[in-house]
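Results of the structural survey
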Amino acid sequence: MLFLLILIGVVYFSNPFLNSSNKNLENELAELSLNAGELVNSYSNNEDKSNYLYTGKILEVTGTIKEITFLNDRITIILNSNFETFGVICDINPNQKRKIDQLKEHQKIKVKGICKGFLKDVILLNCTIDLPTNE
Amino acid sequence: MNKLLPLFFLAISFADFNEKQNQFIARQGQISFFSYTNVENIEAKNNQVLSILDIEKQEIAISMLMRAFVFKKDLMYEHFNESYIESDIYPKANFEGKIIDFDVNTKEPQTKIIRGKITIHGITKEIDIKTTIKNNNGNYNLTGEFNLIVNDFEIKIPPILSSNIAKTIAIQFNFKYEPYEE
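This write-up is about the structure you can find in this document. As the structure is a computational prediction, the values presented were derived from the model and not from experiment. (Residues numbered from 1 in each chain as written. Chains lettered and ligands numbered in written order. Predicted model: local features only at pLDDT ≥ 70, side-chain atom pairs only at ≥ 80, totals over all residues.)

Details of the overall build of chain B
From N to C terminus, chain B includes two helices and ten strands. When the helices and strands of chain B are placed in sequence order, the string is α-β-β-β-β-α-β-β-β-β-β-β. Among the 182 residues that make up chain B, the fraction classed as buried is 26%. A separation threshold of at least 6 residues defines the contact pool for chain B, and within that pool the share at least 24 residues apart is 54%. (Helix = DSSP H or I, 4+ residues; strand = E, 2+ residues; numbered from the N terminus. Buried ≥ 20, exposed ≤ 12 C-beta atoms within 10 Å, placed from the backbone. Contact = placed C-beta atoms within 7 Å.)

The structure is reproduced here in structure tokens:
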């Protein structure tokens, strides 16, 4: 019995999948794949419907980089949409850090992250970056 | 009249330009909350809080996604969103208020009261929040902390977990604004 308790304890505290902040999405499949423009259009046209379609799901979003910021010690990539002022805010998992040096503004990239919803921008958390292979 | 018309338009566009200069935006505002009890400490942070500051009207608006709060454990995240805040029904928390006696021009840090309304879990409350405002060459930075009482927002916590969650939640905020170009 004691052994079982210890085992549960060990699994609970060591299992990375119980740790929400650093869950690695790299090996998880995206539920939907779309581009940044489509995603923002959908939310600005009908937020309720889009929440139903996208919020809480792992999305793979393709877009061009508007801006990379390091505010508050976080890596954030903002993807362009068809709108001037808003786009997709991607909070990047720290384990993707080495990929950031290879990125520049206007570059086309693919990110995979959990969609959290829409304010002025669509927000994706815990993102991994998929760099395009040289063509 | 024809000579005046371009001047008229110029005046309008100039006024319009001025209007925009009065607005500042923070897309990556930071809000953390803390619940300290003998049983456990719970801490969560949201790094994607949106805020718009209008320095002419001295108004501030804040909006955040409840699901964008990051917790140390998945279970805390689940309880928060599914049982307490009910994020499917109330996905956002909002605040609108006015900064009292805000001196837009001073470069010195100033401590002011923001008087406004906060909406969480569909419940709206009037609140005064103390904030420190710094003006770094037109890039405003607002920081501060305040407390909220869980009971005020009709958040139901099952008796078995009531000792795990504090009655009063401490909240910290930090917004760094940049000029808002629409």
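Alright, that's what it looks like, and here's the rest.
Some words on the nonpolar core
Residues and elements named next belong to chain A. Among the nonpolar cores identified, the biggest contains 61 residues, and Val88, Cys90, Val122 and Leu124 are the most heavily contacted of them. Top contributing element to this core by residue count: strand E6 (residues 122-130), with six residues. Apart from residues no more than four positions distant in its own chain, Val88 is found in contact with Ala36, Leu39, Val40, Val61, Gly63, Ile78, Leu79, Ser81, Asp121, Val122 and Leu124. (Core = buried A, V, L, I, M, F, W, Y, C linked by C-beta atoms within 7 Å.)

Some words on the environment of B:Thr106
Considering the arrangement of structural elements, one finds B:Thr106 in the loop between strand E5 (92-99) and strand E6 (110-120). B:Thr106 sits 57 residues away from B:Val49 along the chain, and the two C-alpha atoms are 26 Å apart.

Focus on the pairing of E6(B)
All names here are of chain B. Where E5 and E6 come together, six bridges link them in antiparallel fashion. From the neighbouring strand, Asn94 faces E6, where its bridge partner is Thr119. Counting the residues between successive antiparallel strands, the hairpin from E6 to strand E7 (residues 123-136) contains two residues, one of them, His121, with a positive phi of roughly 55°. (Pairing = 2+ DSSP bridges.)

Looking at the interface of chain B and chain A
Taken together, the contact between chain B and chain A spans 19 residues of the former and 20 residues of the latter. If you list the elements that add at least two residues to the side of chain B that touches chain A, you get strand E1 (23-36), strand E2 (41-54), strand E3 (59-65), strand E4 (70-71) and helix H2 (74-84) of chain B. Its residues assigned to classes, the side of chain B that touches chain A comprises seven nonpolar, five polar and seven charged. (Nonpolar A, V, L, I, M, F, W, Y, C, P; charged D, E, K, R; others polar.)

Structural notes on the environment of B:Glu154
All names here are of chain B. One can find Glu154 in the loop between strand E8 (139-149) and strand E9 (168-176). Here the alpha-carbon distance between Glu154 and Thr119, two residues 35 residues apart in the chain, equals 12 Å. The contact partners of Glu154, leaving out residues within four places of it in the chain, are His121 and Ile123.

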